[in-house]
Amino acid sequence: MDTLKLLRLLQLASSNLPVGGYTFSQGLEYAIEEGWLNDASTVKHWIKHTSTMTLVHADLPLIYRQYRSIENGNSEDSKKWNQYALAIRESRELLLADTAMGEALLRLAKSMEVALPEYCLIPRAKISFTSMFSLVAIHMKLPAHEACSAYAWTVIENQVLAATKLLPLGQTAAQTMLYELTEQVAECVHQAADIDDEHMGISLPGLAMASAKHETQYSRLYRS
């Protein structure tokens, strides 16, 4: 990878820019508040299993499919996978996190003059983060497997950052957790490439309940 592509990959994977993923905890805040998770070990276990299952069976296969659709010029197929991505979010907050980050990345894409499918240009259209991530990554000329790796990094780092504030978790412990959790990324990307349409999608009841309960949590730091 040349230097410019590496820098583009780092920009796309940033937890702060361009999409503000750091404002979402993906149900982690409620799980910690209720005592489901109470130390670094239990938090690491939660992040490892929720992120791995979601990445392998939902988000990363969707990115691979968006790549194929966009590179083949099939906007209808791209639209279908965008709708699928929105439909599989199991709570209002998980859907909000997906579309809020998608909208933020859409604003960036317009400023970068990314070629966008027609469904992305409809006023107030709901655009999944996976769809916009794929479009921007293609514009940056990033290979699909590298885009998937960057996406997985973003998901895991956001969760560790949330745990750092919520547990709380010291910086050294957080860095160690991030180091250990990202060892699974290459395998996740590899497995996701082989997921067929019939085996896409997954239900994680604990995560769904934590996210739904978080909507009415009395005091909270995160939007989701």
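For the structure itself, look to the data block above.
Predicted model only: the values in this text are computed from it and were never measured.

Student: Could you give me a rundown of a nonpolar patch on the surface, with the residues and numbers involved?
Tutor: A grouping of Met-1, Leu-6, Leu-7 and Leu-10 is seen on the molecular surface, where their side chains present a nonpolar patch of about 390 Å² in accessible area. Structurally, Leu-7 is set in helix H1 (residues 3-13). Residue Leu-7 is classed as partly exposed on the basis of its relative accessible area, which comes to 46%.

Student: Quick one: what's the story with helix H6 (residues 129-139), residue by residue and with numbers?
Tutor: In terms of residue burial, H6 counts as a mostly covered element, since 9 of its 11 residues are buried. Every buried residue belonging to H6 is among Phe-129, Thr-130, Ser-131, Met-132, Phe-133, Ser-134, Leu-135, Val-136 and Ala-137, and all of these are buried. Where H6 is buried, its residues touch H1, helix H3 (40-71), helix H4 (75-87), helix H5 (92-111) and helix H7 (144-166). Directly beyond the C-terminal end of H6, a positive phi value near 60° is found at Lys-141.

Student: Any chance you could break down the packing of aromatic side chains for me, citing the residues and the numbers?
Tutor: One pass over the full model with this rule turns up 6 aromatic pairs. A centroid spacing of 5.5 Å and a plane angle of 35° characterise the contact between Phe-129 and Tyr-151, whose relative ring orientation is tilted. Of this pair, Phe-129 sits in helix H6 while Tyr-151 is found in helix H7, placing the two residues 22 residues apart along the sequence. Taking relative accessible area as the criterion, Tyr-151 reaches 4% and is therefore assigned buried. Through pairs of rings, three or more aromatic residues link up here, namely Tyr-30, Trp-36 and Trp-46. Between the NZ or CZ atom of Arg-65 and the centre of the ring of Trp-81, over which it lies, the distance is 5.5 Å.

Rules behind the numbers
Residues numbered from 1 in each chain as written. Predicted model: local features only at pLDDT ≥ 70, side-chain atom pairs only at ≥ 80, totals over all residues. Heavy atoms only, no water. Patch = residues over 30% accessible without salt bridge, like charges linked within 9 Å, V, L, I, M, F, W, Y side chains within 5 Å. Areas by Shrake-Rupley, 256 points an atom, 1.4 Å probe, with all protein chains shown as cover. Salt bridge = Lys/Arg side-chain N within 4 Å of Asp/Glu carboxyl O. Helix = DSSP H or I, 4+ residues; strand = E, 2+ residues; numbered from the N terminus. Buried < 20%, exposed > 50% of the residue type's maximum accessible area, 1.4 Å probe, protein only. Contact = heavy atoms within 4.5 Å. Phe/Tyr/Trp six-rings, centres within 6.5 Å; stacked < 30°, edge-to-face > 60°. Lys NZ or Arg CZ within 6 Å of the ring centre and 35° of its normal.

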